[in-house]
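The lines below spell out each chain.
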Amino acid sequence: MSVRDTVLRVIDDVARTNGRRLPPLTDDLPLLDSGLDSLCLAVIVANLEDTLGIDPFSSAEDGALPETVGALVGLYEGALV
């Protein structure tokens with residue numbers, strides 16, 4: 001499974017577990033408009049760390065959080081390079 005597929009699956013799993021309805025997960029969808037709250041996003045990051053074995057936020061140089069689904073996917077893809 002690709003990193004993209006893993007990130008999207010984890011987002012979908014967390015949304016379902018928390019009774020959230022997601023719009024289509026496109027690269028340009030702002031995370032703030034996804035229907036997920038900050039707790040859901042924290043669970044997503046924790047689950048991705050467990051699944052992928054990386055925490056790209058610990059080594060982020062600028063400390064900026066991703067604003068879109070595509071930026072979140074890119075952050076994890078870049079961390080595995």
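Above this text sits the structure in question.
Remember, it's a predicted structure, so these values are computed and weren't measured experimentally. (Residues numbered from 1 in each chain as written. Predicted model: local features only at pLDDT ≥ 70, side-chain atom pairs only at ≥ 80, totals over all residues. Heavy atoms only, no water.)

### Some details on helix α1 (residues 3–17)
With 15 residues, α1 extends 21 Å from end C-alpha to end C-alpha; this agrees with the ideal 21 Å at 1.5 Å per step. Every buried residue of α1 is listed here: V3, T6, V7, V10, I11, V14 and A15. Burial along α1 is one-sided: seen end-on, the buried residues are contained in an arc of 165°. Residues of α1 that are buried sit in contact with α2 (38–52) and α3 (69–79). Just downstream of α1 lies G19, where phi reads positive at about 65°. (Helix = DSSP H or I, 4+ residues; strand = E, 2+ residues; numbered from the N terminus. Expected span 1.5 Å × (residues − 1). Buried < 20%, exposed > 50% of the residue type's maximum accessible area, 1.4 Å probe, protein only. Arc of directions from axis to C-beta. Contact = heavy atoms within 4.5 Å.)

### Digging into α2
Given a rise of 1.5 Å per residue, 15 residues ought to cover 21 Å, and the 21 Å separating the end C-alpha atoms of α2 matches this to within 8%. Buried within α2 we find C40, I44 and L48. Along the axis of α2, the buried residues cluster in a sector spanning 75°; they form a single face. For α2, exposure combined with an orientation more than 90 degrees from the buried face picks out S38, L39 and D50. Turning to α2, the residues buried within the fold contact α1 and α3. The N-cap residue of α2 is D37: its side-chain oxygen and the backbone nitrogen of L39 are 3.2 Å apart. Taken from the residues just after α2, G53 is the one with a positive phi, measuring 75°. (Polar contact = N/O pair within 3.5 Å; in protein donor to acceptor, adjacent residues only side chain to side chain.)

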